[in-house]
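The lines below spell out each chain.
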Amino acid sequence: MNTKEIFEDIQGRVSGVAGYEEPEVGDAWIQVDPDHWHSVARFLRDDDKLRFDMCLLVTGLDYPDEKWVVVYHLHSQPHNQRTIIKVDLPHDDEPSLDSVHDVWPAANWHERETLDLMGIQFRGHPNPTRILCPDDWVGYPLRKDYEFPTEYRGIPYERNEKI
Amino acid sequence: MFEQSIILSAIRDAIDWVLGLVGQDISILPLPVQVVLCGLIAAGGLMGAIAFAVLIYVWMERRIAGRMQARRGPNRVGPYGLLQTVADTFKLLRKEDIIPTGANRILFAFAPMLVLAGVVAAFAAIPISWDADKGEPIMIADIDLGIFLITAIVATEVIGVIMAGWASNNKWSLYGAMREAAQVVSYEIPLGLSLLVPVLIVGDLSLGAATEDQLGGNWLIWRNPFMWAVFFIFYVAGLANCKRAPFDLPEAESELVAGFHTEYSGLRFSFFFMEEYASMTLISAIGAIYFFGAGDLFGLQGSSSLIMFGVLLFKILVSIFVMMWIRWTLPRLRIDQVMTLGYKVLTPIAFFLLLGVTVWDLYDLNDKLWELFSRS
Amino acid sequence: MVETFKDFGFAVKTAIKGMGITLKTFFEKPVTLQYPEERPEVDSRYRGIHFLEQEKCISCKVCALACPVDCIHIESELPEKGLYDWDRFDIDYGLCMFCELCCFPCPTNCIHMGKEFDFSRFSRMDLVRNMLTWEGVSPAQKKEVDGIAAEKAAKKAAAAEAKKKAAQDEPKDTQDEKKDGE
Amino acid sequence: MLNPAMPLPDDPLDRDILIGAGDISTDEMYINMGPQHPSTHGVLRVLLRTDGEIVTEAHPHIGYLHRCAEKIGECLDYIKFQPYTDRMDYLAAMNNNLGYAMTVEKLAGLEIPERAQLLRVIIVELNRIASHLIAFGTYGLDAGALTPFFHAWREREEMLTLFEKICGARLTYNYVCIGGVVNDMPEGWEDMVLDFLDRFEKRWKEYNDLLTYNRIFIRRTADIGVITREDCVAYALTGPMMRGSGIDWDLRRDRPYMMYDRFEYDIPIGEGKMGTVGDCWDRYWVRMVEMKESGKIVRQAFDMLKGAEGTHKAKVPKVFKPKKGECYVGIENPRGELGFYIVSDGSKNAYRMRVRGPSFCNLSILEKLLPGAMIADAVMIIGSTDIVLGEVDR
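Let me begin by describing the structure that accompanies this report. Position numbers for residues count from 1 along each chain, tracking the sequence in the order it is written. Following the order in which they are written, the chains are lettered starting with A and the ligands numbered starting with 1. Restriction of local features to residues with pLDDT of at least 70 applies here, the model being predicted, together with a cutoff of 80 or more for giving and counting side-chain atom pairs; totals for whole chains, interfaces and linings are based on all residues. Side-chain figures throughout are based on the complete set of non-hydrogen atoms in the structure, without hydrogens or water.

**So, the overall build of chain B**
Starting at the N terminus, helices and strands are each numbered in turn, a helix being any DSSP run of H or I of at least four residues and a strand any DSSP run of E of at least two. Per the secondary structure count, chain B includes 14 helices and two strands. The globule rule used here is 2.2 Å times the number of residues to the 0.38 power, and the radius of gyration it is set against is calculated over C-alpha atoms. A globule of 376 residues ought to have a C-alpha radius of gyration of about 21 Å, and chain B, at 22 Å, matches this closely. By its C-alpha atoms, chain B is 75 × 65 × 40 Å across when sized along the principal axes. Here chain B has roughly 16000 Å² of accessible surface; of this, 71% comes from carbon and sulfur atoms. Both charge centroids of chain B, one from 25 positive and one from 32 negative side chains, sit 14 Å from each other. In short, Shrake-Rupley with a 1.4 Å probe defines the accessible areas, and a residue's cover is counted only from the protein chains shown. When charges are counted, neither His nor the chain ends are considered; positive counts come from Lys and Arg and negative counts from Asp and Glu. Here the site of a charge means atom NZ of a Lys, CZ of an Arg, CG of an Asp or CD of a Glu.

This is how it looks when you write it as structure tokens:
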């Protein structure tokens, strides 16, 4: 099944599926309502027809003044099919979403990375700490409005424009 | 005291001769002073010899490792890189002597010395050659309890290692020390049992007697069919006892960083280094003396004690080569597997062999079998 | 118990097999090179330190634009005579990652990856290499180049002298200038 | 004997009996394994809670090599980011190049000539061998055998010379580029590769004698760090980690990309030959066999190359502006599924670049795998994941 068929299949069977979108080029995705995301995730994993039992990737996207998007790339081992789920969040300072680490343990570290670099909080995450940056790092580096600090713990950051 | 040992009496004669230059006699010194003086000179000589041997061993180890790994090994300093270890020694001597914060300074400083002292002391009871004129082994102290003394005195090394590991204030060091305690102590059982077999055959605890017993090609390894197996047990247990791979658990570099000597640097580190090679030599020497006829080469070596010393040295070097060969081939065991091997495999086999050899000797099966063969 | 002994025997057997391999290697020839004396022959495609065919370069700066780490620094004035009115063409090898991306877009195909690979230096500034070596330039061109360089040097010297003179004449003014500068 | 794969019972007395401590119970302590530990394969730090030699808790800490490659990907245009992909998984740089190039090509809708695809297959499979050689060698190091490492390097050096001949670099190749490959192969290169493969297959047997079938090594790896099929899927492990657990899954065969559907090769899976399915030995063995299979693919690719059409590179516009859209491409890296997810907003930079590093995902199971193992086993388990920290931290 491709993403469109999956969307048509699950649309009536689970609440919270918000829509299906196809970009000009590349892969299509299914939009999911953030409030229902956890139950949709569980449904995607457990449904016999879908069995999306692997979470390959969790990505945070920043569209300034518009929305935060969390993208889940899912893979189904028994059916050898893939799909992409997107969850839109309103663009406020403290975006948060239900964690799906209990559905897919693989999402644990990916969610931590999304928190670390994008600043999206995952509710119910067992260890919501930074993973790549130091624990006392300020700001979220992959946000579009991020400005690189001029100093970290007394180590100055200088950019040599001219040698 | 001096009558017992050729080396000590030779030292005494040398002192006598030096004092003779100023018109004096050694008898002006009281006997305890004479003994202590001669002992100190002997210990110093032993220490120097071991230090020199370690230089060669380290070079050997690195060259052998290099060749086994399709590379060359040290080849820059001196011919064939022979002076590389000398250069490294100077580097170690010049290094800062670091004692980590929180370490127990006294134990930390004392441990390497204790570790080395035990092994060096054990060499006093090793006969290095045979004096055919006097009919005596050449050694520092021909003690009746030779092998007993050696195993006892070498065991003090464990205390040193535990001291080093505990005093370092480093958890990895502590792991190394605890592993050492467990491993070495348990491997002393098969080691001791396998050493009992030659002692049983020779009928004397002194290694000098063993040397004498095997002159003329009558090596202990040929005495009965169990001896190769006994030697194998001895060698494996010996490897474990001097912490050589595949039993280098106390310093397992991929697990414990560097084990009990993680925090040591400079000269103190080199003491541990020397200890390892010295105990390898000790195990090799005991193996050569107790199983392969010491300095004897099927009686072909004549009666020159120098050549006998050379033959013994050659046997020791072959044994050390094999140790290095093993080290550069085999992966390391896990600590519980090491203990299993010691208690469940080597110890029972050693007991069985001891029993076998006893029965064999008791009924004189060698002669009986010989008769059987010659009759048929 | 029997299992343990069997295992032990098996271990000894495989250990001896492995020792055979190491002994075989022991007698084989080592494969290492004695580096400073023996140098590896690098291939013609090797990506080492660049070399620049200077007479072909038109100072279009496409290479500098293509560089992902911005390590190429080119400064040149509009040519008055010929093509050689350079100020600098430096490559910072502290930054360069030898990806060869600068060589592809060059319209005159004048920048290449060289064969030199040993460029460790004691200071970071020494890693900045001036590519203006004028190698491979014909004598006539070289003369022209030298002429421009001499002219430039003379101009600079004259300017410096004039400045010096001015400074000597009116020391107070220069101090004021400095303050302004600050 | 203690089976480290078995979880420890909660009752302290039961546990003491199990680990043979009798009535001697020990205090637990925290110990830092890394970042400067010899067998964490780079700068990984694992905080261990140990009871004697037995690990009861493990917390991996990563990020020491973090270079924010994803941010760099957003700041540089598509062609310029190519060399940075080399630096993620530096042991399999060709595969990373390929993953990135394929993603951008999919985004731009580029058609790749057949010849370029075959050259890509050859170079990527060779790089797979080179990468697994390191895995083999360093695993020997972890087990305490130093010689296999050098033997592996001996062959790897030859491979690096081959790579140098085709692309000019020995580690960070930047060879597979958007639209094809940078250079066609030089004259005589094919013979050199085939010659090397012949020699390599002989060496491969030596490796097995030296390490694989060594009883001590088997005792160190069999039944250690067993990953069940369920765990494997739940933690999204891929590559040899997954195949080691007995899951017959390979992206090259099951979701074919490039021309992989036209080759014949076996996909090794863990069978529990020496112990349980999914133990360290199985993962190690899968890697060993994969080296051989890659050699097979390379030989077939050379045969196909003789009749292949097209050049080594498609025509690519100088200023590269894909349309608005996004795509994800996953390829089979030596360590697992390497995925690039690129969101394009129609400009010459990516709007968002996301990398699915296989090592990153494979490492996340450590928290579950280490408790119950001994410290020596922890070393072997970390080694069997065959991580490259450059890719974990990106």
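**Details of the interface of chain D and chain A**
Bring the parts together and some accessible area is lost; that lost area is often taken as the interface size. Taken together, the contacts link 44 residues of chain D with 41 residues of chain A. Put simply, buried area is the surface a 1.4 Å probe can reach on two separate parts but cannot reach once they are joined, added for both. A buried area of about 3700 Å², summed over both sides, lies between chain D and chain A, and 58% of it is on carbon and sulfur atoms. By definition, a salt bridge exists where a carboxyl oxygen of Asp or Glu is found within 4 Å of a side-chain nitrogen of Lys or Arg. The tally of links from chain D across to chain A stands at six salt bridges. Linking A:K144 and D:E74 is a salt bridge whose minimum nitrogen-to-oxygen distance equals 3.2 Å. Looking at the side of chain D that touches chain A, its residues break down into 23 nonpolar, five polar and 16 charged. The criterion for strand pairing is that DSSP finds at least two bridges linking the strands in question. Here strand 2 (residues 25-26) of chain A runs beside strand 6 (residues 325-333) of chain D; their pairing, made up of two bridges, is parallel. Its bridge partner being in strand 6 of chain D, A:G26 is matched across the sheet by D:E326. Contacts are assigned to residue pairs with any non-hydrogen atoms lying within 4.5 Å of each other. Three categories are distinguished: nonpolar for Ala, Val, Leu, Ile, Met, Phe, Trp, Tyr, Cys and Pro, charged for Asp, Glu, Lys and Arg, and polar for the others, with Gly belonging to the last.

**Regarding the arrangement of the chains**
Ranking the five pairs of chains in contact by contact count places chains A and D at the top. At the level of C-alpha atoms, the two units chain A and chain B stay apart, their nearest approach being 25 Å.

**A closer look at helix 13 (residues 335-362) of chain B**
Residue and element names in this part refer to chain B. Taking 1.5 Å of rise per residue, the 28 residues of helix 13 would be expected to cover 40 Å, and the 39 Å separating its terminal C-alpha atoms lies within 8% of that figure. What the bend at a residue measures is the angle between two axes, fitted to the seven residues ending there and to the seven starting there. The largest bend in helix 13 is about 30 degrees, located at L346, with the proline P348 one to four residues further on. Just past helix 13, the residue D364 takes up positive phi, approximately 55 degrees. To estimate the expected span of a helix, subtract one from its residue number and multiply by 1.5 Å.

**Focus on the sheet that holds strand 4 (residues 54-63) of chain A**
Adjacent strands of a sheet pair through backbone hydrogen bonds, lying either parallel or antiparallel. Residue and element names in this part refer to chain A. Spatially, five strands are ordered 1-3-6-5-4 in an open sheet, and the strand pairing comes out mixed. Single-partner strands in this sheet number two, and they are strand 1 (17-21) and strand 4. Neighbouring strand axes in the sheet, compared pairwise and without regard to direction, differ in orientation by 25 degrees on average. The pairing of strand 5 (residues 67-76) with strand 6 (residues 81-90) spans 10 bridges and is classified as antiparallel. Across the sheet, V71 pairs through a bridge with K86, a residue of strand 6. Between N-to-C directions, angles cover 0 to 180 degrees, with each direction set by a line fitted to C-alpha atoms, over the stretch in contact for helices. Relative to the sheet, helix 1 (residues 3-11) contacts strand 1, strand 3 (29-32) and strand 6, its axis offset from that of strand 1 by approximately 155 degrees. Against the sheet, helix 2 (residues 37-46) contacts strand 3, strand 5 and strand 6, and its axis sits at roughly 175 degrees relative to strand 6.

**What about the packing of helix 9 (residues 227-241) of chain B against helix 11 (residues 266-291) of chain B?**
All names here are of chain B. Between helix 9 and helix 11, the least distance of the axes is 10 Å, while the angle of their chain directions is 170 degrees. Of the possible angle classes, the one that applies to helix 9 and helix 11 is roughly antiparallel. Side by side, helix 9 and helix 11 meet where M227, V230, F231, F234 and G238 of the first sit next to I283, I286, G287 and F291 of the second. Taken together, the residues that form the contact of helix 9 with helix 11 break down as seven nonpolar, two polar and no charged. Relative orientations are named as follows: roughly parallel for angles under 35 degrees, roughly antiparallel for angles over 145 degrees, roughly perpendicular for angles from 65 to 115 degrees, and oblique for any other angle.

**Here we look at a negative patch on the surface**
Residues and elements named next belong to chain A. A cluster of like negative charges, contributed by D65, E66, D92, D93, E94, D145 and E147, occupies part of the molecular surface. Here E94 lies in the loop between strand 6 and strand 7 (96-98). Only protein chains enter the area calculation, which uses a 1.4 Å probe; residues under 20% of their type maximum are buried, those over 50% are exposed, and those in between are partly exposed. Using a relative accessible area of 55% as the deciding quantity, one classes E94 as exposed. Any residue with relative accessible area above 30% and no salt bridge may belong to a patch, with like charges joined within 9 Å and the nonpolar Val, Leu, Ile, Met, Phe, Trp and Tyr side chains within 5 Å.

**Thoughts on unusual backbone geometry**
Negative phi characterises most residues that are not glycine, and trans characterises most peptide bonds. Phi angles above zero are rare outside glycine, and A:D65 is one such case at about 60 degrees. Note that A:D65 resides in the loop between strand 4 and strand 5. Take A:D65: its relative accessible area is 76%, and that puts it in the exposed class. Phi is positive for B:A70, close to 60 degrees, though the residue is something other than glycine. The exposure class of B:A70 is buried, given its relative accessible area of 5%.

**Topic: the environment of B:N75**
Of note, B:N75 is situated in the loop between helix 2 (31-68) and helix 3 (84-94). Residues B:N75 and B:W59, 16 residues apart in the sequence, show an inter-C-alpha distance of 9.9 Å. Leaving out residues up to four positions away in the same chain, B:N75 has contacts with B:R63, B:Y80, B:G81 and C:Q34. For the purposes of these results, a polar contact is taken to be a pair of N or O atoms within 3.5 Å, where, inside protein, one atom must be able to donate a hydrogen and its partner to accept one; residues adjacent in sequence count only when each atom of the pair is a side-chain atom. In this structure the side chain of B:N75 is engaged in a polar contact, spanning 3.5 Å, whose partner is the side chain of C:Q34.

**Focus on the sheet that holds strand 2 (residues 45-51) of chain D**
All names here are of chain D. If you trace the three strands from one edge of the open sheet to the other, you get 1-2-3, paired in antiparallel fashion. A single partner strand is all that each edge strand has here, and the edge strands are strand 1 (28-33) and strand 3 (54-61). Going across the sheet, the axis of each strand differs from the next one's by a mean of 20 degrees, ignoring polarity.

**Describing the pattern of salt bridges**
Residue and element names in this part refer to chain D. Here the structure, examined in full by the defined rule, presents 76 salt bridges over all chains. Between K368 and D231 there is a salt bridge, with its nearest N and O atoms 3.7 Å apart. Highlighted residues: K368 in helix 14 (residues 366-369) and D231 in helix 9 (residues 229-234), separated in sequence by 137 residues.

**Describing the nonpolar core**
Membership of the largest hydrophobic core comes to 205 residues, with the highest contact counts inside it found for A:W37, A:Y72, C:F89, D:Y175 and D:W189. Broken down by element, the residue count for this core peaks at 13 residues, all from helix 5 (residues 114-143) of chain D. Apart from residues no more than four positions distant in its own chain, C:F89 is found in contact with C:L52, C:C57, C:C63, C:I72, C:H73, C:I74, C:I111, C:R129, C:N130, C:M131 and C:L132. Within the second largest apolar cluster, 95 residues are counted, among which are B:I50, B:V119, B:F123 and B:Y187. Take the buried residues of types Ala, Val, Leu, Ile, Met, Phe, Trp, Tyr and Cys, join any two whose side-chain atoms come within 4.5 Å, and each joined set is a nonpolar core.

What is shown is where atoms sit, not what they do.
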